[in-house]
Amino acid sequence: MEVLLDMGWSKDLAEARSLEAMGAPAEIGREMARQYPGRWWLWLGRAAVLLTVVVCVQALLGIGILCNAWDSLAARIYPQLESDLNRVEAEERVNLRMDMGNDVLRVFRVSIGERDGQRVAEISLCAYDRWPFGIVALGWQNCVRLSASEREAGFNGGNGRGSYGADYCHRYVELAPEDRSVVLTYSRYGETARLEIPLPERGETA
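Residues numbered from 1 in each chain as written. Predicted model: local features only at pLDDT ≥ 70, side-chain atom pairs only at ≥ 80, totals over all residues. Heavy atoms only, no water.

What about unusual backbone geometry?
Most of the time, phi is negative for any residue but glycine, and the peptide bond is trans.
So, point 1. Positive phi, normally seen in glycine, also occurs at D116, with a value near 55°.
So, point 2. Structurally, the position occupied by D116 is in the loop between β2 (103-115) and β3 (118-129).
So, point 3. Overall, the relative accessible area of 59% leaves D116 in the exposed class.
So, point 4. Backbone geometry places Y189, a non-glycine residue, at a positive phi of 50°.
So, point 5. Along the chain, the position of Y189 falls in the loop between β7 (181-188) and β8 (191-198). (Helix = DSSP H or I, 4+ residues; strand = E, 2+ residues; numbered from the N terminus. Buried < 20%, exposed > 50% of the residue type's maximum accessible area, 1.4 Å probe, protein only.)

Concerning the pattern of salt bridges
So, point 1. Applying the stated criterion across every chain, the model contains 6 salt bridges.
So, point 2. Ionic pairing is found between E20 and R17, a salt bridge with its closest N-O pair at 3.8 Å. Taken as a pair, E20 and R17 lie in helix α2 (residues 11-22) at a separation of 3 residues, close to a single helical turn.
So, point 3. Here E89 makes a salt bridge to R119, at a shortest N to O gap of 3.3 Å. (Salt bridge = Lys/Arg side-chain N within 4 Å of Asp/Glu carboxyl O.)

Quick notes on the nonpolar core
So, point 1. Residues L105, V107, I123, L125, W140, V182 and L184 are the most contacted members of the largest nonpolar core, which totals 27 residues.
So, point 2. Every element with two or more residues in this core is listed here: β1 (87-100), β2, β3, β4 (144-148), β6 (166-174), β7 and β8.
So, point 3. Once you skip the residues sitting within four places of it in the chain, I123 turns out to touch V107, R109, V110, L146, C169, H170, R171, V182 and I197.
So, point 4. Formed by 8 residues, the second largest nonpolar core is a distinct cluster that contains A75, L81, V104 and Y168. (Core = buried A, V, L, I, M, F, W, Y, C linked by side-chain atoms within 4.5 Å. Contact = heavy atoms within 4.5 Å.)

Side note on the pairing of β6
So, point 1. Within β6, 8 of the 9 residues are buried, which leaves the element mostly enclosed by the surrounding structure.
So, point 2. Pairing of β3 with β6 involves 9 bridges; the strand directions are antiparallel. Bridge pairing links I123 to R171 in β6. (Pairing = 2+ DSSP bridges.)

Some thoughts on the confidence of the model for the protein
Close inspection of predicted coordinates is inappropriate for parts of the model with low pLDDT.
So, point 1. Looking at the protein, pLDDT values average 83 and 84% of them are 70 or higher.
So, point 2. Across the protein, β2 holds the top mean pLDDT of 94, while strand β5 (residues 151-152) sits lowest at 56. (pLDDT = per-residue confidence, 0-100.)

Written as structure tokens, this is what we have:
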């Protein structure tokens, strides 16, 4: 094309004649493939990089799934959540469970003590999916209520921690001197469950 331009040809005509001289595009592609057979290694290298990225992403997701399964297993065997009571009178580890949709709600510790100037029962709860690799439902804590002496709890707050594999929380209810048990009620999506929880005797610590 440069030679044709030096000979005085116009740019458009010089470009058209140069392209015609190169031949048919399909034939050019075949000749280049014979001349540079290693180009497939370039595509193979790019595919290997893409595959490596996919495998790394799946490995990271797999680690999260395994951690959730570990949390679910721990909740089934020996759940742990530190008490928030200012002073503990009595405490007992229990193993009370009830179905909560596709999940299981477990009461694993009952404590009596003082919190924010009130004498309360602290009920330690955890929830996990029935399948170890499943995900516990969100918002279940808002569907759990406590009552004592057949009256609705005046103080029903709580806090906790958790993951997709197992979720923990405390629930509190103010106690009267005559209370010997509290009642936990779960209600969601038309499903209702009730669980009576005995209180530990004063001075009992497990």
